[in-house]
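Tertiary structure, described
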Amino acid sequence: MGPRIFSIGAGSRDKRKADQILNSSGHRWNWEPKTAPKYSEIMSGTQQVARPLVRSLRQATSTTATCQSRPIVAAIRQFSSTPSRSDEPTTTTPAGSDAQKLAADAAVLVQKKASEITAIKQGSEEELAKLLSPELGSRRRRAAIATTGDIPFEQLPYQCFQEARKVLAKDREEKIAKIKAELARIKRIEQTDASTYRGGEVFKQKRLESLRKHVEELKIQADINDPMVKRRFEDGHGDMNKPIYRYLAENKWRSMDYKIITQRIHQFNIVPDILPKFDPTMDVKMTFRGYKAPPGSILDSLITESPPNLRMQVFNSGERLLSVVVMDSDVPNPETDSYGRRLHFMVTNIPWSPTSTSLNLHRLNSKASSESPQGGLPEDGTLAIPWLPPTAQKGSPYHRLSVFVLEHNNNQTLDLAKLKEMYGGREGFSLKSFRDKFDLNPVGFTLFRSVWDEHTAEVMARHGIPGADVEFKQPRVHSLKPPRKARGWEAKRQKPKYKSLWKYSKRIKGLKY
């Protein structure tokens, strides 16, 4: 076995230590210095990842004149998201209009102030709000927009991003080809005589409905992964006539708002007190004079003196007619010692579509009572029963004011005169009976609560509502058990011998034997 040869640096301390080892072991050493390793070879993984980011920030904080004098290759490098390696081939700068465009985009980035970049890096929400509108999405997305200049979203110069867009575009072309094939199939079935099918016209219509539903699903799958579609939806610019935006809106609603409203339905016993069963399928939000009223919140009497505004969103296509009903299901009845129901508001024949968003009940109620003898504006619906402010007598439990949105089956309009005749008295209103008589389907719901407060008497006097001087008290319930006989210590000391102790057992105020 030959002698072992090591390569050691030429440091004096290491050399003296090596001499000691050589003298003790007898091995021969080679003191020729070895070439120092490259910095990229000894960098950790975190340093390699962060190196392009640090380089781009340093370039962004430099002055405009210095950056403009740099070659175009240096300006392009600051958009790179991958670490450089020594074995990678050197790329040349694209000539012509592409190079000029990239240089212009880099100049836009460089012109940003160093303080702005530092604020975004640190994540200061106040500084970030000054730079961008809060409607652009999350902080991470706003920071990305702030650091990329005015480059269009779909033209961001990230290689991985552009390659992913190519894959998504190819997948979309495949989905579009399937959609065209299914539409041709639907057209062929529509032109076919129903007598050729075993089930006749019923089977033909079911088959067409199934194919149309499949086409809608393909339209959603074609655009579900498109980043531009998701960006428009997050910014609130999505066209709700398209299936993809309705699909995204429904998923967002069911992720939280749907769970909250179904919890309120069971928490406040809306089912079965008002309806035997009910599952909302549309989003309904309520505001009183600009105040957002979460489902089940207790509101002041002055706030609920005027009708609310509703923001409603449906998730299926097509035009429809809606009716809105506001009812109180906790009206106390002292004569029968029970609770009744009262109708507070009703508007019907409301045309609605997926692009409709807001229904101003306050404007509808005021204009219908002062200007329109027909009961409201045609584009906003028809007012059947005007708004009655919800009130609660002193001492009574909270009142549940339920807001129901009902859809007209087959888009049939309701007779206004008949509604006023049947429900003009307001008392004893039954939503289940109203639904069954006029062939309606409840699709939306929200609620708020009303209690006695310092403004209730004033509101009741202003609108001529009786009962402000009535106060409900809980009756005292006496025990039905017979008097308990004396036992133990009490029974032993009932004799006159222990008369001095009777004050502890017999002469107690309010206690009788």
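Described below are features of the structure shown in this document. Computed from a predicted structure; not experimentally measured.

1. Concerning the environment of Tyr-398
Topologically, Tyr-398 is positioned in the loop between strand S8 (382-385) and strand S9 (399-408). Spatially, the C-alpha atom of Tyr-398 lies 5.6 Å from that of Ser-450, the residues being 52 residues apart in sequence. Ignoring anything within four residues of it in the chain, the contact list for Tyr-398 reads Phe-268, Asp-330, Arg-449, Ser-450 and Val-451.

2. Points about the packing of aromatic side chains
Note on aromatic pairs: each is described by the distance of the centres and the angle between the planes. Under the defined criterion, the tally for this structure stands at 13 aromatic pairs. For the ring pair Phe-278 and Phe-445, a centre distance of 6.1 Å and an interplane angle of 75° mean the geometry is edge-to-face. In this pair, Phe-278 sits in the loop between helix H15 (270-273) and strand S1 (283-288) while Phe-445 sits in strand S10 (residues 440-450), placing the two residues 167 residues apart along the sequence. Its relative accessible area of 14% is what places Phe-278 among the buried residues. Geometrically, the ring pair formed by Phe-404 and Phe-445 is tilted, given 4.9 Å between the ring centres and 50° between the ring planes. Here Phe-445 lies in strand S10 and Phe-404 lies in strand S9, a separation of 41 residues in the sequence. For the pair formed by Phe-404 and Phe-445, the shared burial category is buried. Aromatic rings pair up to connect Tyr-423, Phe-429, Phe-434 and Phe-438 into one cluster.

3. Here we look at the environment of Val-451
Secondary-structure assignment places Val-451 in the loop between S10 and helix H19 (456-462). According to the relative accessible area criterion, Val-451 is partly exposed, its value standing at 24%. Residues Val-451 and Gln-393 lie 58 residues apart in sequence; the distance between their C-alpha atoms is 7.6 Å. Those residues in contact with Val-451, other than ones at most four positions away along the chain, are Ile-298, Ser-301, Ala-392, Tyr-398 and Thr-456.

Quick notes on the rules
- Residues numbered from 1 in each chain as written.
- Predicted model: local features only at pLDDT ≥ 70, side-chain atom pairs only at ≥ 80, totals over all residues.
- Heavy atoms only, no water.
- Helix = DSSP H or I, 4+ residues; strand = E, 2+ residues; numbered from the N terminus.
- Contact = heavy atoms within 4.5 Å.
- Phe/Tyr/Trp six-rings, centres within 6.5 Å; stacked < 30°, edge-to-face > 60°.
- Buried < 20%, exposed > 50% of the residue type's maximum accessible area, 1.4 Å probe, protein only.

By themselves, these observations are geometric and do not establish any function.
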